[in-house]
Amino acid sequence: MGRLHLQDYKNRHSRRSKLARALWMAVWAILFRPTPRGNLFRPWRAFLLRCFGAKLGPGANVLPSCRVWQPWRLTMGAHSCLSERVDCYNAADITIGDQAVVSQDAFLCTASHDLSSPIMELTTAPIVIGPQAWVCARAVVLPGVTLGEGAVLAAAAVATKPIPAWTVAAGNPARPIRARAIADA
């Protein structure tokens, strides 16, 4: 068995990236987080995210308690939503399609560590949440996962692999449990 040598770990994030994240966290704490919920401050929060490089479609909504680690790695489609206390740990890109919803307390995590590396090297992979998909409350989406168009990741489920379009997945690890169909209005 090998041994860990964590004293040899070198942080791969550039000084510029660290500075940008520190500045964003200050802006988040002072100007973003204290805003009340609702439509009145939605444009202000979108403005702040765009100032840090986020790409937001019209009507995209990021609630004030949502945490975005690197806004410049966030893309949200029209009328998509990151709800209360969503945690976007986006060391790699997170793309959220039109009319997709990420519900309260969900965790979108684009980074992990190589467990076979003696220094547990950081690994990253993007997350894609397709149009009209729904990540339910307290669900977790892990690095490299794509939720297809209209897919649903059930409450407290953990997505470790792609979820096909118009499929409901549940459990840990998440597995398809049924097809999703939208009723005619």
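Because the structure is a prediction, the values reported are computed rather than measured.

Re the packing of helix H1 (residues 15-32) against helix H2 (residues 42-51)
The N-to-C vectors of H1 and H2 enclose an angle of 170°; their axes lie 11 Å apart at closest approach. Judged by the angle between their axes, H1 and H2 are roughly antiparallel. Across from Trp24, Val27, Leu31 and Phe32 in H1, the residues of H2 making contact are Trp44, Arg45, Leu48 and Leu49. Partitioning the contact of H1 with H2 into residue classes produces seven nonpolar, no polar and one charged.

Structural notes on the sheet that holds strand E3 (residues 67-68)
Read from one edge to the other, the open sheet built from five strands follows the order E3-E6-E9-E14-E17, with strand pairing classed as parallel. The open sheet is flanked by E3 and strand E17 (158-159), the only strands paired with a single partner. Sheet topology note: the E3/strand E6 (residues 87-89) ladder contains two bridges and is parallel. Across the sheet, residue Arg67 finds its bridge partner in E6, namely Asp87.

Side note on the nonpolar core
It is characteristic of soluble globular proteins that their nonpolar side chains tend to be buried jointly. The biggest cluster of nonpolar side chains holds 40 residues, and the ones touching the most others in it are Leu82, Ile96, Leu108 and Leu153. Breaking this core down by element, the ones donating at least two residues are H1, H2, strand E4 (74-76), strand E7 (94-96) and strand E12 (127-129). It is H1 that contributes the most residues to this core, four residues altogether. Not counting the four nearest positions on each side in its chain, Leu82 is found in contact with Asn61, Val62, Leu63, Cys66, Leu74, Met76, Cys88, Ile96, Val102 and Leu108.

Things to note about H1
Along its 18 residues, H1 runs 24 Å from first to last C-alpha, staying within 8% of the 26 Å computed at 1.5 Å per residue. Three or more residues of H1 are buried, namely Ser17, Arg21, Trp24, Val27, Trp28 and Phe32. The arc enclosing the buried residues of H1, seen along the axis, measures out at 125°, which places them on a common side. Along H1, the residues that are exposed and aim more than 90 degrees away from the buried face are Arg15, Leu19, Leu23 and Ile30.

The rules behind these values
Residues numbered from 1 in each chain as written. Predicted model: local features only at pLDDT ≥ 70, side-chain atom pairs only at ≥ 80, totals over all residues. Heavy atoms only, no water. Axes fitted to C-alpha atoms, helices over the stretch in contact; angles between N-to-C directions. Helix = DSSP H or I, 4+ residues; strand = E, 2+ residues; numbered from the N terminus. Parallel < 35°, antiparallel > 145°, perpendicular 65-115°, else oblique. Contact = heavy atoms within 4.5 Å. Nonpolar A, V, L, I, M, F, W, Y, C, P; charged D, E, K, R; others polar. Pairing = 2+ DSSP bridges. Core = buried A, V, L, I, M, F, W, Y, C linked by side-chain atoms within 4.5 Å. Buried < 20%, exposed > 50% of the residue type's maximum accessible area, 1.4 Å probe, protein only. Expected span 1.5 Å × (residues − 1). Arc of directions from axis to C-beta.

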